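The residues making up each chain are set out below.
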Amino acid sequence: MSRRLRVNPIACEAHGMCAELLPERITLDEWGYPILSEQPLEGAELQNALRAVQACPTFALILERDAGRRRD
Amino acid sequence: MSASPASLSSAPAAVTAPAGLPRLLASVLPDRAMTLAEHTGLHGGLPALAQPRGRGGRATALIEELERSGLRGHGGAGFPTWMKLRAVADARRRALVVVNAVEAEPASLKDRTLTELLPQLVLDGAILAAGAIGADEVIVCVSAAAPESVNSLRAAIAEREGAPGPEGAGSPPRLRLEQMPDHYVAGEESAVVSRLNDGPARPTFRPPMPFERGVGRRPTLVNNAETLAHVALIARHGAGWFRELGPAGHPGSALVTLAGPVADPGVYEIAHGASLSSLIAAGGGTTEPLRAALIGGYAGSWIAAERLHAVALSDEHLAAHGASLGAGVVALLSEQACPVAETARVARWMADQSAGQCGPCVHGLGSLATTLEELSGGVGRGGGALPRLERLAGVVAGRGACGHPDGAVNLIVSALRCFASDFADHARHGRCERCLRESELPLPVRRPQASTTWGPGR
Amino acid sequence: MSAAPLASAGPSVYWYLTRSTGAVALLLLTLAVALGVIEVQRWSTPRWPRFVVDSLHRSVSLLAMAFLAVHILTSVLDSFAPIALADAFIPFAGAYRPFWLGLGAVSFDLLLAVTVTSLLRRRLGFTGWRTIHWLTYASWPIALVHGLGTGSDVKSAWLLWLSIACAALVVAAVAARALIGWRGSGGRRGAALGAAAAFSLFLVLWLPGGPLGREWPRRSGTPASLLTGHPSASSTAAER
């Protein structure tokens, strides 16, 4: 089952640990906030993604089932 | 259609459906709200909610009628109304209805018009929607900065005290009025729900969506006031009648606010697909040559004057111009205004209106506004300004918890396209002599008698 | 092995363990506080990215708790001083230097709360977790004073200098946090700097006349039967 990373922008305080742990999927903008790549995660990346989710100090990083939400 | 007041009878009087326009604004009085008696005389009493019954005795036939009608939300997002009702009706817990009459869009006056002059029409729609989804409460939310609306709604709710609900829906829902603080994002759906949950009137992260878990953790239907006014008429006259106006892809009528250099700015009811020229004509014609029109509000898009004669006001037609009807605002800009300066001022206003919760919105909108101000204020060269605007726009959109930054970016990007030559000139030569003119677009600093707090929490 | 032969043979292995693990726990807690401040100030280098500082902070804290567990168990097992297991959790009710030992219990209780809430962070939510986490700023000075008040090695140079070094590091960390962090909150900064200054002053004024002064074991509440001059005391007990 493929999963997707998502960040809660309200909880995010730009600590940047996620980008350190998953640089292939997460980069930081000029203010230190994460830019996530849209593609779903597979296999080996999932482990590192989980680590990144656990490392986030404010629980802003979330792993979701890839259901293609639309913003309402 | 005469508006002779009739006494309240328990059986709804059958009335003929209005042909053509006006629909919502039929027999509207210029200086006071229509009373419940006058409203009933004009439109008839609450129609019975027909079978079949949905789960928990909910009379969901109205939802099917709304689906056939193709009614979409009039709050800006244009979401199919029947889908919202269906989602809430399907939920397990008892639902409630929130009427969003906050109308924080500065140039928009349509919801204010409805709540001041036609509150019973809005309440009708809310009560019918409540019956269809099995809700026991209706909360009408209005801006604290609109005292006439507050008073009008309060009186309208008092008139309904003890009045029976629609046949087929059990007892009528409780009605209550709540005031929202005077901020742009305080009218956003999740911000309203947050405030009603005794929190601050700031947007929240989703999931959960309000229709899943909203006020008091109950499934909540949040609808724009105008949308519910349309529901009130569709429930009486049917989907077929609703579709008599407007194109098949965007049926019905809508209220639009016409602003700018016209003889009679204000709120007009149009059929979807009406030409912009006919709207301007209805508004008494332009008083000055036009430069462009801003369609939809401050999250909307610009269309240059040369193309305005071909513009029709429906989403499917406007899409070809990169625009949508949104909150129904048509703000005209005269040739005297500097579009770069106007855009810069709106961008700064939008940046100031950020709830301040999300880094990309706070920093991004601020940087966009500063860069635009350099173009319209500086006397030096703004060489890197245009690429910086494009880059920032790409980085900011979609990265906030609500649609506020997306709206601001949409406006700015549309300005960059529509006024490309003005922007290029400003980048080369700095500000023009029209940059310092007073703003044509409304930028309220302080709405009178407004609450300036967000509510508890911050 | 019975207690009495141990007492006459010299200090037991538990006695050495409890003192040494106590000192190591103090050192580890000091490092944990310093790492916590480094983390919240967001200092990092390419060699020391933030997730490393975060991991270190968590590991050092858990290690400190492990040493604390040994410290408590060995102090109970040691037959010299009458310390019960309950004294580690319920402060000021013990027989041996009740006040100064009790401070250890207070500090330990606070650290237990911090540890449990940290392990259950996700359930608690960020704000709730952070509020409890601030208790570490209280737990640390209490632990230090506990060590200086109960420890019998205070007069020996190694423990005294270790304590002073740890205190200096924590005061520096708190000062850095107060001066550089907390944008805008002047009241909080002032309170933190004031507390750090007051604590330093307290140590300077208290130590000479207190643990470093005369007859501290008697004045701090060591049971009379364990002091020199009491008929049942052995000569080696007096030195403890």
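Cut-offs applied
- Residues numbered from 1 in each chain as written.
- Chains lettered and ligands numbered in written order.
- Predicted model: local features only at pLDDT ≥ 70, side-chain atom pairs only at ≥ 80, totals over all residues.
- Heavy atoms only, no water.
- Helix = DSSP H or I, 4+ residues; strand = E, 2+ residues; numbered from the N terminus.
- Contact = heavy atoms within 4.5 Å.
- pLDDT = per-residue confidence, 0-100.
- Buried area = accessible area lost by both parts, 1.4 Å probe.
- Salt bridge = Lys/Arg side-chain N within 4 Å of Asp/Glu carboxyl O.
- Polar contact = N/O pair within 3.5 Å; in protein donor to acceptor, adjacent residues only side chain to side chain.
- Nonpolar A, V, L, I, M, F, W, Y, C, P; charged D, E, K, R; others polar.
- Core = buried A, V, L, I, M, F, W, Y, C linked by side-chain atoms within 4.5 Å.
- Buried < 20%, exposed > 50% of the residue type's maximum accessible area, 1.4 Å probe, protein only.
- Patch = residues over 30% accessible without salt bridge, like charges linked within 9 Å, V, L, I, M, F, W, Y side chains within 5 Å.
- Areas by Shrake-Rupley, 256 points an atom, 1.4 Å probe, with all protein chains shown as cover.

### Focus on the side chain of Gln41(C)
Within the secondary structure, Gln41(C) is located in the loop between helix H2 (13–40) and helix H3 (50–77). Beyond its immediate stretch of four places on either side in the chain, Gln41(C) contacts Ala176(C), Arg177(C), Ile180(C) and Gly181(C).

### A closer look at the confidence of the model for chain C
For any part of a model where pLDDT is low, the fine detail of the predicted coordinates should not be relied upon. Residues and elements named next belong to chain C. When the pLDDT values of chain C are averaged, the result is 85; 89% of them are 70 or greater. Highest mean pLDDT in chain C belongs to H3 (95); lowest belongs to helix H11 (residues 235–238) (42). Long-range and interchain partners of residues 1–8, a stretch whose pLDDT sits below 50, account for 6 contacts in this model, where long-range means more than four residues apart. In this model, residues 231–240 is a region of pLDDT below 50 whose contacts with residues beyond four sequence positions or in other chains number 15 contacts. Both scores are given for the predicted complex: the pTM is 0.86, the ipTM 0.91.

### A short note on the interface of chain A and chain C
Chain A puts 15 residues into the contact, and the matching count from chain C is 12 residues. Roughly 1,200 Å² is buried in total at the junction of chain A and chain C, and carbon and sulfur atoms are behind 49% of that figure. Counting the surface chain A buries against chain C, the share from its top three residues, Met17(A), Glu20(A) and Phe59(A), is 47%. For the pair chain A and chain C, the number of links is 0 salt bridges. In this structure, the connection of chain A to chain C is made through 8 residue pairs in polar contact (both at pLDDT 80 or more). Those elements that place two or more of their residues in the side of chain A that touches chain C are helix H1 (17–21) and helix H2 (43–55) of chain A. The leading source of residues in the side of chain A that touches chain C is H2(A), at 4 residues. Residues that form the side of chain A that touches chain C fall into these classes: 8 nonpolar, 4 polar and 3 charged.

### Let's talk about the interface of chain B and chain A
With 26 residues of chain B in contact, the opposing surface of chain A contributes 17 residues. Carbon and sulfur atoms make up 56% of the area that chain B and chain A hide from each other, which totals about 1,700 Å². A salt bridge links Glu30(A) to Arg391(B); the shortest N-O distance between them is 2.8 Å. Across the side of chain B that touches chain A, the residue classes tally to 12 nonpolar, 9 polar and 5 charged.

### Here we look at the nonpolar core
By size, the foremost hydrophobic cluster in this structure holds 74 residues, and its most contacted members are Leu5(A), Ile26(A), Leu61(A), Tyr298(B), Trp302(B) and Phe423(B). For this core, the leading source of residues is helix H12 (residues 339–352) of chain B, giving 8 residues. What Phe423(B) contacts, discounting residues up to four positions off in sequence, is Val340(B), Leu372(B), Leu375(B), Leu386(B), Ala415(B) and Leu416(B).

### Brief notes about a nonpolar patch on the surface
Residues and elements named next belong to chain C. A cluster of nonpolar side chains, contributed by Val-13, Tyr-14, Leu-17, Leu-73, Leu-77, Leu-85, Phe-89 and Ile-90, occupies part of the molecular surface with about 720 Å² of accessible area. Looking at the nonpolar patch, the elements with two or more residues in it are H2 and H3. With 3 residues, the single largest contributor to the nonpolar patch is H2. Relative to the assigned elements, Phe-89 resides in the loop between H3 and helix H4 (98–119).

### Observations concerning the pattern of salt bridges
All names here are of chain A. Considering all chains together, one arrives at 29 salt bridges over all chains under this definition. In this structure, Glu-45 and Arg-25 form a salt bridge, with 3.0 Å as the shortest nitrogen-oxygen distance. Of this pair, Glu-45 sits in helix H2 while Arg-25 sits in the loop between H1 and strand E2 (26–28), and the two are 20 residues apart along the sequence. Glu-45 sits in the partly exposed class, given a relative accessible area of 21%.

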